[in-house]
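# Examination of the molecular architecture
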Amino acid sequence: GDGGEIQLFPFPYQEVTIEPVMDRIVMFSSTNMPHRVLPSHKDRYCLTLWMSQPPPTPSALKEAKKAEKEQAKAVLQMGDEPSWEAMMQPACRRLLAKAVLSKEWERSIMDAHSPGEPRDSALLAHMNNVSIIRKLFAKALPHLSLLLSQSNEETMPSVSWFGH
């Protein structure tokens, strides 16, 4: 094609590549769906609309961090073979997706930013986050890789995309 496709990474499922077609609308939660737009090799026009909500209150942030810690703690307490359900809780899934999809994430940063200090800072922050996540989930990641290699989308348990 002529490029400009959007790639969605609905972790733990396989990536989806969507061609840019006239009159097509693609909607997804960018905070819950790792994604990237591939470089375009011809002139294209698109409309990107970001819908957002007010920043969370300090108490909501505190609650979200508490939930993230509880979900991560549940996975860590399971040792070398945490359950699929525990690893796919929204906060854990976001962290694990960042580790498993780290190369795709890095490529997205490279494609989205021109060379320079802002891109270098974003890449460094990404690599630091991935390093911390991999250390934190060092026992769980091999088991997750095994589960992913033994499953396909039909046999994989469902995942809640918007739960907290």
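Residues numbered from 1 in each chain as written. Predicted model: local features only at pLDDT ≥ 70, side-chain atom pairs only at ≥ 80, totals over all residues. Heavy atoms only, no water.

### Quick word on the overall build of the chain
Summing up its helical and strand segments, the chain has 6 helices and 3 strands in all. Seen along its three principal axes, the alpha-carbon backbone of the chain occupies a region of about 50 × 40 × 30 Å. Split into buried and exposed, the 164 residues of the chain put 31% on the buried side. Expressed as a percentage of contacts within the chain between residues at least 6 apart in sequence, the contacts between residues at least 24 apart total 70%. Here the chain has roughly 11500 Å² of accessible surface; of this, 57% comes from carbon and sulfur atoms. Each charge class in the chain can be summarised by its mean position, and for the 18 positive and 19 negative side chains these summaries are 8 Å apart. (Helix = DSSP H or I, 4+ residues; strand = E, 2+ residues; numbered from the N terminus. Buried < 20%, exposed > 50% of the residue type's maximum accessible area, 1.4 Å probe, protein only. Contact = heavy atoms within 4.5 Å. Areas by Shrake-Rupley, 256 points an atom, 1.4 Å probe, with all protein chains shown as cover. Lys, Arg positive; Asp, Glu negative; His and termini not counted. Charge placed at Lys NZ, Arg CZ, Asp CG, Glu CD.)

### Observations concerning the sheet that holds strand β3 (residues 35-37)
Taken together, the 3 strands give an open sheet; going across it, the order is β2-β1-β3, and neighbouring strands pair in antiparallel fashion. Every other strand in the sheet has two partners, leaving β2 (16-18) and β3 as the edge strands with one partner each. Geometrically, the sheet is characterised by an average inter-axis angle of 15° between neighbouring strands, direction not taken into account. By the bridge criterion, 3 bridges tie strand β1 (residues 6-8) to β3 in an arrangement that is antiparallel. Pairing of Q7 across the sheet is with R36, part of β3. This element, helix α4 (residues 102-112), spans β1 and β3 of the sheet and lies at about 35° to β3. (Pairing = 2+ DSSP bridges. Axes fitted to C-alpha atoms, helices over the stretch in contact; angles between N-to-C directions.)

### Some words on the side chain of S108
By the secondary structure assignment, S108 is in helix α4. In this structure, S108 is in contact with H35 and R36, ignoring residues within four places of it in sequence.

### With respect to the side chain of R119
Along the chain, R119 falls in helix α5 (residues 117-136). D120 provides the closest opposite charge to the buried, unpaired R119, separated from it by 4.8 Å. In this view, R119 contacts I109, M110, H113 and S114; residues no more than four positions away in its chain are not counted. (Salt bridge = Lys/Arg side-chain N within 4 Å of Asp/Glu carboxyl O.)

### Considerations on the nonpolar core
Looking at soluble globular proteins, one finds that nonpolar side chains tend to be buried together. Of all hydrophobic cores here, the largest spans 23 residues; its most connected members are F11, V75, M87, M88, L96, F137 and L144. Listed by contribution, the elements that provide at least two residues to this core are α1 (58-77), α2 (84-87), α3 (90-100) and α6 (140-150). Top element by residues in this core is α3. It accounts for 5 residues. Not counting residues up to four positions away in its chain, the partners in contact with L96 are F11, M87, F137, L141 and L144. (Core = buried A, V, L, I, M, F, W, Y, C linked by side-chain atoms within 4.5 Å.)

### Quick word on the layout of surface pockets
Approximately 230 Å³ is the volume attributed to the second largest pocket. Taken together, 14 residues line the second largest pocket, and the ones lying closest to its centre are P12, Y13, Q14, E15 and L148. Within the lining of the second largest pocket, the residues separate by chemical class into 8 nonpolar, 3 polar and 3 charged. (1 Å grid on protein atoms, 1.4 Å probe; cavity = no way out; pocket = protein on both sides within 12 Å on 5 of 7 lines; lining within 4 Å. Points joined across faces, edges and corners; volume = space filled by probe spheres on them. Nonpolar A, V, L, I, M, F, W, Y, C, P; charged D, E, K, R; others polar.)

### A short note on the pattern of salt bridges
It is possible for side chains bearing opposite charge to pair when their charged atoms get close. All told, the structure shown has 3 salt bridges when counted by the stated rule. Of the charged contacts in the structure, one is a salt bridge between D2 and K42, with a shortest N-O distance of 3.7 Å. Linking D2 in the segment before β1 with K42 in the loop between β3 and α1, this pair joins segments that are 40 residues apart in sequence. Residue class for D2 comes out partly exposed when judged on its relative accessible area of 34%. K42 sits in the partly exposed class, given a relative accessible area of 47%.

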